[in-house]
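Close look at the chain arrangement
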Amino acid sequence: MSRIGKKPVVLADKVKVEVDGSTVTVQGPKGSLSYQMAPGLEVRVEAKNLFVENVADAKTLNAVHGLTRSLINNMVVGVTVGYREQLEVQGVGYRGQCKGRHLTLSVGYSSPVEYDVPEGVILTMPNQTTIVVEGIDKHLVGEAAATIRRFRPPDAYKGKGVRYAGEQVTLKEGKTVS
């Protein structure tokens, strides 16, 4: 049995969990998320704690027991606090602009890079070189941030590009003249 799967998910006061067969729906102040569990797993709610149990005790369910508990915990955190990723655009002339659900990045290519923000993700830019990705679904927020970073990852020699806030980029030494 999974160690992570045994741990209870602590529910906040404003969070409601509904279980309908193998579908778990979590509602909170920021919104609602649902997850379809594998058959053979059950969810039990006791006094602001949620437990995921492997009732079939099959090896394949042991593999997804801890995963299911982690995904439900991520849903609870998302509807109460939310998730946030911050990206920095570094380089001379590198900048971005956000209008509605559309992001335009000028990152050294001959034409600007266009990105349509997916539903469930809020994208803001406090200045031209900082991108903030927020939402209640951890997977969508991480995927959107990774897609934006993928347009121009940090260069190994000069460090120019799009990087996560606080990301340490190890620069390579250039060619030396002998």
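Scroll up to find the structure this text is about.
A brief report on the enclosed structure follows. Predicted model, so just to flag it, every value in this text is computed and none were measured.

**A closer look at the sheet that holds strand E10 (residues 113-116)**
Strand order in this open sheet of three strands is E8-E9-E10, and the pairing throughout is antiparallel. A single partner strand is all that each edge strand has here, and the edge strands are strand E8 (95-99) and E10. Neighbour to neighbour, the strand axes of the sheet diverge by 20° on average, direction disregarded.

**Section: the side chain of Arg69**
Assignment of secondary structure puts Arg69 in helix H2 (residues 59-80). Buried within the structure, Arg69 lacks any salt-bridge partner; Glu53 is the closest side chain of opposite charge, at an N-O distance of 12 Å.

**Structural notes on the pattern of salt bridges**
Applying the stated criterion across every chain, the model contains five salt bridges. As a salt-bridge pair, Arg44 and Glu46 come within 2.3 Å of each other at their nearest N and O atoms. Among the ionic pairs, Glu53 bridges to Arg44, the shortest N-O distance being 2.4 Å. What makes Glu53 partly exposed here is its relative accessible area of 26%. Judged by its relative accessible area of 30%, Arg44 falls in the partly exposed class. One salt-bridge network, in which partners are shared between bridges, spans Arg44, Glu46 and Glu53.

**Observations regarding the pairing of E8**
Bridging between E8 and strand E9 (residues 102-106) involves five bridges; their strand directions are antiparallel. The residue bridging Gln97 from the neighbouring strand is Thr104, located in E9. Hairpin connection between E8 and E9: a loop of two residues separates the two successive antiparallel strands, and Gly100 in this loop has a positive phi of roughly 65°.

**Topic: the sheet that holds strand E5 (residues 41-46)**
In spatial order, the strands read E1-E6-E5; together these three strands make up an open sheet with antiparallel pairing. Since the sheet does not close on itself, it has two edges, and those belong to strand E1 (9-10) and E5, each with one partner. For E5 and strand E6 (residues 49-54), the ladder comprises six bridges, and the chain directions are antiparallel. Following the sheet pairing, Glu46 is matched in E6 by Asn49. Along the sheet face, H2 touches E1, E5 and E6 and points at about 160° away from the line of E6.

**Side note on unusual backbone geometry**
Excluding glycine, most residues fall at negative phi; most peptide bonds, likewise, are trans. Unlike most non-glycine residues, Ala47 shows phi in positive territory, near 45°. Structurally, the position occupied by Ala47 is in the loop between E5 and E6. Using a relative accessible area of 75% as the deciding quantity, one classes Ala47 as exposed. Residue Lys48 is not a glycine yet carries a positive backbone phi of 65°. Position of Lys48 relative to the elements: it lies in the loop between E5 and E6. Judged by relative accessible area, which is 40%, Lys48 ranks as partly exposed.

Definitions and cut-offs
Residues numbered from 1 in each chain as written. Predicted model: local features only at pLDDT ≥ 70, side-chain atom pairs only at ≥ 80, totals over all residues. Heavy atoms only, no water. Pairing = 2+ DSSP bridges. Helix = DSSP H or I, 4+ residues; strand = E, 2+ residues; numbered from the N terminus. Axes fitted to C-alpha atoms, helices over the stretch in contact; angles between N-to-C directions. Buried < 20%, exposed > 50% of the residue type's maximum accessible area, 1.4 Å probe, protein only. Lys, Arg positive; Asp, Glu negative; His and termini not counted. Salt bridge = Lys/Arg side-chain N within 4 Å of Asp/Glu carboxyl O. Contact = heavy atoms within 4.5 Å.

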